[in-house]
Amino acid sequence: MKRVKIIDGAVAIYPYYLTQLRVDYPDTSFPQPYELADLTEFGIHEVADVAAPTFDPATQAVDDLDPALVNGVWTQQWAVRAATQAEMDAYAAQQAAAVQSAADATAKTEAKADSVIQYLVTHTPAEIAAKVGTDVTSLAAAKTYIAKLAVAVSVLARRELR
C-alpha cells in the first residue's frame, strides 16, 4: 500500500515510505507494526490504489502522478502521455527480444525432436562418423544430413554467439 505525506493540504512526499517516519519523527514512539497505526495526525495518509489505465506501450507511456483528494480519500492518479523515443525504442527492443526468444525456443524444440540431431547428442564422434558413412550414400542423403546439421548449428549459435 502506498502512502502520501500531506503538509498544509498539499502533497509533500509521494510515495511516502514508513522507513522515513523514523527519520521525520525520531522522538516519537509508534505502535508496531506501523501498518496498523493511524498516522493521519502526522500528515501520513494511505493512498487508494487505482489500476493503471490501458495504453499502447508502442507509442504511449503512463505516469504515476501525485495522489489527489477524491471524496475525502487520497487516490492514486495516472496520466497517459506520448512515449519518448527512448521509451519507444526500449519497447520495440523488448518486443523483438520476446519474438526472438519464442523463435529460439521453437527451433530448439524442433531440433530436439529430430532423430539425427538426437543421435548427434547421444553418441560419440566415432559412432557418428560411422553412422554418417553408412547412411550417406547419395547426394540427397548428404543434403538431408547437411540440413539437419545446419539446424543444430543454428540452435547452438543462437545460444552461444548472440
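Look above for the structure.
Here the residue index of a chain counts from 1 through its sequence in written order. At least 70 in pLDDT is required for a residue's local features to be given in this predicted model, at least 80 for side-chain atom pairs to be given and counted, and no such filter applies to totals for whole chains, interfaces and linings, which use all residues. Only hydrogens and water are set aside; all other atoms, that is, all heavy atoms of the structure, feed into the side-chain values.

## What to know about the pairing of strand S4 (residues 60–70)
- If DSSP finds at least two bridges between two strands, the strands pair. For the purposes of this entry, the term helix denotes a DSSP run of H or I that reaches at least four residues, the term strand denotes a run of E that reaches at least two, and both are numbered from the N terminus. As judged from the 9 bridges shared by S4 and strand S5 (residues 73–82), these two strands associate in the antiparallel manner. Looking at S5, one finds that alanine 68 is bridged to threonine 75.
- Remark: 2 residues form the turn of the hairpin made by S4 and S5, two consecutive strands paired antiparallel; asparagine 71 in that turn has positive phi of roughly 50°.

## Some remarks on the packing of helix H3 (residues 115–122) against helix H5 (residues 139–160)
- Angular values range over 0 to 180 degrees, each being the angle between N-to-C directions of two axes fitted as lines to C-alpha atoms, with helices fitted over their stretch in contact. Their axes nearest at 9 Å, the elements H3 and H5 cross at an angle of 65°. In the crossing of H3 with H5, the sense of the turn from one axis to the other is right-handed. Contact with H3, carried on its side by Val116, Ile117 and Leu120, involves Tyr145, Lys148, Leu149, Val151 and Ala152 of H5 and no other residues of that element. Note on convention: near helix rotated counterclockwise from far helix by under a right angle means a left-handed crossing. Clockwise means right-handed. Any two residues having at least one pair of non-hydrogen atoms within 4.5 Å are treated as being in contact.

## Digging into the pattern of salt bridges
- In the sections that follow, a salt bridge refers to a side-chain nitrogen of Lys or Arg positioned within 4 Å of a carboxyl oxygen of Asp or Glu. Summed over the entire model, instances satisfying the criterion amount to 8 salt bridges.
- The shortest N-O distance in the salt bridge between aspartate 104 and arginine 158 comes to 2.5 Å. With aspartate 104 in helix H2 (residues 85–113) and arginine 158 in helix H5, the pair connects residues that are 54 residues apart, well separated along the chain.
- To sort residues, take the accessible area from a 1.4 Å probe on protein chains only and compare it with the maximum for the residue type: under 20% means buried, over 50% means exposed, and anything in between is partly exposed. Taking the relative accessible area as the measure of exposure, aspartate 104 reaches 19% and is therefore buried.
- Between lysine 148 and aspartate 114 there is a salt bridge; the shortest N-O distance is 2.5 Å. In this pair, lysine 148 is assigned in helix H5 and aspartate 114 in the loop between H2 and H3, connecting sequence segments 34 residues apart.
- Residue lysine 148 is classed as partly exposed on the basis of its relative accessible area of 22%.
- Aspartate 114 gets classed as buried once you look at its relative accessible area, which sits at 17%.
- Here the salt bridges share partners, and the residues they tie into one network are Asp63, Arg81 and Glu87.

Keep in mind that these numbers describe shape and distance, not what the molecule does.
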